[in-house]
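This is what each chain is made of:
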Amino acid sequence: MTIYRNRCADLQCIPDMSGKTEKKIKGWVGLLISVITIIIFLFVIGPWGEKLPGFQPLADFIDERGIEANMYFYTEVEEFSEAEINMNNTMQFPPRDLSQQELGK
Amino acid sequence: MEPSSKQDNSDSQVVTDRAKSSISDLWKKEDYWAIWLGFSLLILGLIIYFPQKPAGMEETINKANSVLTAESGRAPFKTVAWHQAVDAKKKLKATSSPIGKEIKIFTNKPHGWKSNPMDSFYRGPEATDKANAKGMAAYESAKAKAAEALSAAKAAENAAAEAGFKDPSLNAEASNKIDAWRLAHTKASKAKSKANAKPYNQVPYLIGLMVAMAIFFGIGMSVMGHSFGKFVIGFTFVFLVAVLAYTASAQATAKHYGIGYAAWAILFGLIISNTVGTPKWVMPAVQTEYYIKTGLVLLGAEILFGKILSIGVPGIFVAWVVTPTVLIATYLFGQKIVKIPSKTLNITISADMSVCGVSAAIATAAACRAKKEELTLAVGLSLVFTSIMMIAMPAFIKAVDMPHVLGGAWMGGTIDATGAVAAAGAFLSDRALYVAATVKMIQNVLIGVIAFCVAVYWCARVDCVPGQKVPPSEIWHRFPKFVLGFIGASIIFSYMYASMGSDAGYALLDQGAIRGMSRIFRGWFFCLAFVSIGLATNFRELREYFSGGKPLILYFCGQSLNLILTLTMAYIMFYLVFPEITAKI
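Residues numbered from 1 in each chain as written. Chains lettered and ligands numbered in written order. Predicted model: local features only at pLDDT ≥ 70, side-chain atom pairs only at ≥ 80, totals over all residues. Heavy atoms only, no water.

Visitor: A description of the confidence of the model for chain A should follow, citing residues and the corresponding values.
Guide: In low-pLDDT regions, the fine details of the predicted coordinates are not to be read closely. Residues and elements named next belong to chain A. Counting all residues, the mean pLDDT for chain A is 79, and 76% of those residues have values of 70 or more. Per-element confidence in chain A is highest for helix 1 (residues 18-50), whose mean pLDDT is 91, and lowest for strand 1 (residues 5-6), whose mean pLDDT is 42. Here residues 1-13 is modelled with pLDDT under 50, and outside its nearest four sequence neighbours on either side it reaches 14 contacts, counting other chains as well. (pLDDT = per-residue confidence, 0-100. Helix = DSSP H or I, 4+ residues; strand = E, 2+ residues; numbered from the N terminus. Contact = heavy atoms within 4.5 Å.)

And the structure:
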């Protein structure tokens, strides 16, 4: 709830909006800081982290293959469709087993 | 939420909720509206895509299957012709029809970008030509390498065939060369898509989509007694934040870290509500449950039970035995040892960690009516652990030289987010990707069962006075009805898929109403829901749920158990009990 403090000074009695204004300013400053933080993550810290030896090959690989690495369900990722059709056909039409005799043992 | 009236229980002097149902719930309650709206989209998808049978579908399938049968009986490894026959079937997609392409353009999310966010919405002919020219050089090189790899694969296969496939070293050589060709082939096809991009202006489509969705949800709101106009006005803001969330998730760095639209949507919503405040005129459109439930009904259609057999019995053991075991064990651990103060938070985190991250968390949270802060916390934990595991697990598997089938099954069963499983699996090898993706897909299917069981358990055991026996009628009254739509969609689509057979089902249903309709809108609805969660959440309230770090302890311990059990089960199933299946993969 917004509280208007009333500081009546002299003859002019104007509702003091300073509390509300201060809150508003704080809010906008907070928003600005948040946006800047996100920008710093996406364009400075994030890319720096990607250059770490343990991470860079994976990041490059994700780019090269165009993998949607941040999706949440199997229907959203193309690789799942590929994997599924491959596995289905592997189970349905598996390579034949070689008998010991065929292998000359 | 179901209607309820508080009644004084004179025997126990405990105030309990007594739910009631009436026929008007069918048009007055959002649970039912979620079903009507979800099914209307699914039916629309079926009407649009079923007539879009790819030209010569049956002939292509028959021809491919006869090649596959012949190759399967001929060689002890997957031959070049075997792969080419599978590729031919893979191209059969109802979504490739002209109307399918139009729908894709209309409903597209913001495009991928690296440094300029405007690339997400607009790319003119000049910029496209420039990008294509750059991509073309890479494509030509990749195409030449793929052709070279194909020649080498064919030569090695012929050498093995000339020896009657009786020489193990020649067979192994041919198999390796074919694997190398598949890798080069995948790289070439990815490079091709980067060399054939088209200019786009997504802005008018996004505006159209916003109007369509505002009307779509607004109708339900209006019938439920809310103001259509106020909802539509607020919806523009919620949609705009959802677009921002999708834009952030399309950025290259965000993709690398596995930070998806759900995390961005919550974050943006939280930032707005906790800084400048959510404008009052937006609140009529902050309808988390309405969007989530409608999205979940659509998700039901994507849960096809026939897919659990995709990798045979070992996959079922890894995904359907370990996962529920870990879920129950983690929940009990959370109740008895960690003493998580909220049961709904406990089950949401347990499902999120043991099943498949965000999508499982959404379904479980909705089924047990968890608080929005609890879902937010579960999503946040999943995000952090997914990023870590996506990077660490393939590195560890490579370091210890673990077989890729085992490593794939391990990652598929433990990494939360589906996209991260694909990245980590493919990073190891195609074989690891196939196993990881299939195990994760089987786990995804488990969501339906878990959501249903959680909903029933909560109605019958948790939301009642200790010791009180809840009659079936009461369970029905309390039961979240949208779960029926969720399960119903799953059963209907699973039946259709099974009736059509996997090949036709893939072409017309999976690559039709599911990926061409359900998936698209479900993603948008979940995004709107997460924006709504953020816009209505206070940081302070959120902090209270994290007190003492208990959720983190629960997640960490549960995930540790998950890692151990999944690896053990994968090893037993793929290497001790069913080695013959492993050999064929």
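Visitor: Describe the nonpolar core, listing the residues and the values that go with them.
Guide: Residues and elements named next belong to chain B. Membership of the largest hydrophobic core comes to 191 residues, with the highest contact counts inside it found for Phe235, Trp524 and Phe530. Not counting residues within four places of it along the chain, the set of residues in contact with tryptophan 524 comprises Thr107, Asn108, Lys109, Pro110, Leu206, Leu209, Met213, Phe239, Ala242, Val243 and Tyr246. By size, the runner-up hydrophobic cluster in this structure holds 19 residues, among which are Tyr139, Ala153, Ala174 and Ala184. (Core = buried A, V, L, I, M, F, W, Y, C linked by side-chain atoms within 4.5 Å. Buried < 20%, exposed > 50% of the residue type's maximum accessible area, 1.4 Å probe, protein only.)

Visitor: Requested: an account of the packing of aromatic side chains, with residues and values cited.
Guide: All names here are of chain B. Following the criterion strictly, the structure yields 31 aromatic pairs over all chains and no others. Taking 5.8 Å as the distance between ring centres and 20° as the angle between the ring planes, the aromatic pair formed by phenylalanine 216 and phenylalanine 525 counts as stacked. Taken together, the residues span a long stretch of sequence, with phenylalanine 216 in helix 8 (residues 203-223) and phenylalanine 525 in helix 22 (residues 502-535) at a distance of 309 residues. A residue is classified by how much of its surface remains accessible, and phenylalanine 216, at 17% relative accessible area, is buried. It is arginine 182 that lies over the ring of tryptophan 181; its NZ or CZ is 4.8 Å from the centre. Taking the ring centre of phenylalanine 427 as reference, the NZ or CZ of lysine 398 above it sits at 4.2 Å. (Phe/Tyr/Trp six-rings, centres within 6.5 Å; stacked < 30°, edge-to-face > 60°. Lys NZ or Arg CZ within 6 Å of the ring centre and 35° of its normal.)

Visitor: Give me the lowdown on helix 6 (residues 125-162) of chain B, citing residues and values where you can.
Guide: All names here are of chain B. The terminal C-alpha atoms of helix 6 lie 52 Å apart, and with 38 residues this matches the ideal 56 Å at 1.5 Å per residue to within 8%. Taken together, the buried positions of helix 6 are Thr128, Asn132, Gly135, Tyr139, Ala142, Ala146, Ala149, Leu150, Ala153, Ala156, Glu157 and Ala160. Contacts from the buried residues of helix 6 go to helix 3 (57-74), helix 4 (80-90), strand 3 (122-123) and helix 7 (168-195). With its phi angle positive at about 65°, glycine 164 sits one or two positions after the end of helix 6. (Expected span 1.5 Å × (residues − 1).)

Visitor: How would you sum up the side chain of Gln287(B)? Please name residues and give values.
Guide: Residues and elements named next belong to chain B. By secondary structure assignment, the location of glutamine 287 is in the loop between helix 11 (261-274) and helix 12 (288-302). According to the relative accessible area criterion, glutamine 287 is buried, its value standing at 18%. In this view, glutamine 287 contacts Met221, Phe231 and Ser532; residues no more than four positions away in its chain are not counted.

Visitor: I'd like a rundown of the interface of chain B and chain A, residues and numbers included.
Guide: The interface of chain B with chain A comprises 91 residues on the first partner and 58 residues on the second. Between the two partners, chain B and chain A, sit seven salt bridges. We note a salt bridge from Arg522(B) to Glu76(A), for which the minimum N-O separation is 2.8 Å. Linking chain B to chain A there are 37 residue pairs in polar contact (both at pLDDT 80 or more). For the side of chain B that touches chain A, the leading source of residues is helix 19 (residues 430-462) of chain B, giving nine residues. The class makeup of the residues in the side of chain B that touches chain A is 47 nonpolar, 24 polar and 20 charged. (Salt bridge = Lys/Arg side-chain N within 4 Å of Asp/Glu carboxyl O. Polar contact = N/O pair within 3.5 Å; in protein donor to acceptor, adjacent residues only side chain to side chain. Nonpolar A, V, L, I, M, F, W, Y, C, P; charged D, E, K, R; others polar.)

Visitor: How would you summarise the pattern of salt bridges if you had to cite specific residues and measurements?
Guide: Residues and elements named next belong to chain B. Per the stated rule, a full pass over the model turns up 23 salt bridges over all chains. In this structure, glutamate 157 and arginine 74 form a salt bridge, with 2.8 Å as the shortest nitrogen-oxygen distance. Of this pair, glutamate 157 sits in helix 6 while arginine 74 sits in helix 3, placing them 83 residues apart in sequence. We classify arginine 74 as partly exposed; its relative accessible area is 31%. In this structure, glutamate 173 engages lysine 177 in a salt bridge whose closest nitrogen and oxygen atoms are separated by 3.8 Å.

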